[in-house]
Amino acid sequence: MTDPLATLSLVATYSAIAVYVLAFVAFTIDLSARSARALAAQDVTAHRDSLTSSERDVPPVFAGASGTVPGTAVRERIDIPTLPDRRGTRFGRVAIALTVIAWMLHVTSTVLRGIANGYVPWSNMFEFALVGTGIMTGMFLLLNFKRDLQFLGAFITGIVAILLGLATVNFYVDVVPLAVPLQSAWLVIHVFVASLGTAFFAVGAGLSIMQVLQARRATGRRERAHFLDTLPTAEKLESRAYGVIIIGFMFWTFTLMAGSIWAEQAWGRYWGWDTKEVWTFIVWVVFAGYIHARATRGWRGTRTAWLAIIGFSTVLFNFTIVNLFFNGLHSYSGIPGVDGP
């Protein structure tokens with residue numbers, strides 16, 4: 001019989017997915033509104049440039065109680081800021097509010113699942129997706145409050161809604177006793193740190209995608225993506241992505257170390273070339289290459305951005321394809337036919 005708390009957790013999960021979808025729509029509308037605003041600014045700037053210098057410098061009209069000052073010519077004064085307006089629109093603010101609500105439902109679902117389990121809820125693919133996507137959203141919200149990242153909202157809420165939705169529909173399992181190899185404090189340490197690393201890599205990948213788009217727009221290959229005019233420059237996006245990915249890389253390094261210690265306790269060896277271990281190491285190598293190329297080889301621009309995007313792709317591959325189609329000591333997805341009989 002299904003635990004009532006597990007049922008409530010599932011209801012909260014579906015509710016969170018629905019609100020994430022609404023937030024994704026609001027973030028998408030925000031990007032569209034940014035494009036419209038950038039186009040309007042371009043039109044007004046073009047009109048200003050078509051005026052003569054004397055017409056552009058006309059002072060504003062002074063009006064008294066009886067109306068316009070007699071003898072003063074009435075002309076429109078055009079005042080355009082030098083830089084495009086980078087602030088989000090009201091749709092962006094609504095999207096952030098929806099994301100906060102979705103994240104609160106997400107956290108509620110995770111806590112209820114953990115109470116129903118009687119242990120931390122990350123022992124199978126569904127639970128790891130539940131916790132991992134929750135940490136990803138929380139990290140995005142935290143970084144957004146420190147530094148405006150509203151323009152990444154569509155990417156983050158979109159990928160969270162997809163991953164959480166797929167995991168809930170396809171990988172959901174009822175509450176079951178914890179497998180013997182997972183009955184260790186290292187489960188909390190190893191998986192939690194891996195989730196943190198994944199969250200930082202996701203934000204870094206989003207920034208890198210925007211960097212690539214911004215660089216292409218600068219060369220005239222993304223002329224219609226006017227919302228990019230309201231984003232930071234490609235250089236600033238690259239710098240932010242680099243800082244975020246370095247933090248994620250430190251967490252991922254600790255993930256490897258903690259996993260090795262746990263493997264020695266559970267199986268009597270630190271490394272065994274298990275498929276999951278190999279792919280975790282591949283992720284580490286890709287991001288180590290990214291940091292090395294940028295820090296010591298002087299790589300800049302889209303080359304490093306693509307490395308960051310490839311690195312996050314290996315993280316997703318490690319979570320999905322490796323868990324579903326490769327058997328090994330780490331097969332704890334909870335799906336019949338995948339983990340064996």
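The structure this text deals with has already been given above.
Notes on the structure in this doc start here.

Between its first and last C-alpha atoms helix H6 (residues 185-218) spans 50 Å; for 34 residues at 1.5 Å apiece the expected length is 50 Å, and the two agree. Burial analysis of H6 places 25 of its 34 residues in the buried class, which makes it a mostly covered element.

Counted at 1.5 Å a residue, the expected span for helix H7 (residues 234-267) with its 34 residues is 50 Å, and the 47 Å between its end C-alpha atoms agrees. Following H7 by one or two positions, Gly-268 adopts a phi angle in the positive range, close to 80°.

What follows concerns the pattern of salt bridges. Within this structure, the stated rule accounts for 4 salt bridges. Salt-bridge contacts for Arg-34 lead to Asp-30; the nearest nitrogen and oxygen are separated by 3.0 Å. With Arg-34 and Asp-30 both in helix H1 (residues 4-50) and 4 residues apart, the pair spans about one turn of that helix. Between Glu-238 and Arg-294 there is a salt bridge whose closest N-O contact spans 3.4 Å.

The gaps left among the atoms become clear once a water-sized probe is rolled over them. Approximately 220 Å³ is the volume attributed to the second largest pocket. Looking at the second largest pocket, it is lined by 13 residues, and the ones nearest its centre are Trp-103, Val-107, Val-131, Gly-134 and Ile-135. Looking at the lining of the second largest pocket, the elements that each hand over two or more residues are helix H3 (90-117) and helix H4 (125-146). Considering each element in turn, the lining of the second largest pocket owes the most residues, 6 residues, to H4. When its residues are assigned to classes, the lining of the second largest pocket shows 9 nonpolar, 4 polar and no charged.

Within the structure shown, the criterion is met by 13 aromatic pairs. Seen in terms of ring centroids, Trp-122 and Phe-192 are 6.3 Å apart; in terms of plane orientation they differ by 35°. Their pairing is tilted. Of the two residues, Trp-122 sits in the loop between H3 and H4 while Phe-192 sits in helix H6, which places them 70 residues apart along the sequence. Residue Trp-122 is classed as buried on the basis of its relative accessible area, which comes to 11%.

Basis of the calculations
- Residues numbered from 1 in each chain as written.
- Predicted model: local features only at pLDDT ≥ 70, side-chain atom pairs only at ≥ 80, totals over all residues.
- Heavy atoms only, no water.
- Helix = DSSP H or I, 4+ residues; strand = E, 2+ residues; numbered from the N terminus.
- Expected span 1.5 Å × (residues − 1).
- Buried < 20%, exposed > 50% of the residue type's maximum accessible area, 1.4 Å probe, protein only.
- Salt bridge = Lys/Arg side-chain N within 4 Å of Asp/Glu carboxyl O.
- 1 Å grid on protein atoms, 1.4 Å probe; cavity = no way out; pocket = protein on both sides within 12 Å on 5 of 7 lines; lining within 4 Å.
- Points joined across faces, edges and corners; volume = space filled by probe spheres on them.
- Nonpolar A, V, L, I, M, F, W, Y, C, P; charged D, E, K, R; others polar.
- Phe/Tyr/Trp six-rings, centres within 6.5 Å; stacked < 30°, edge-to-face > 60°.

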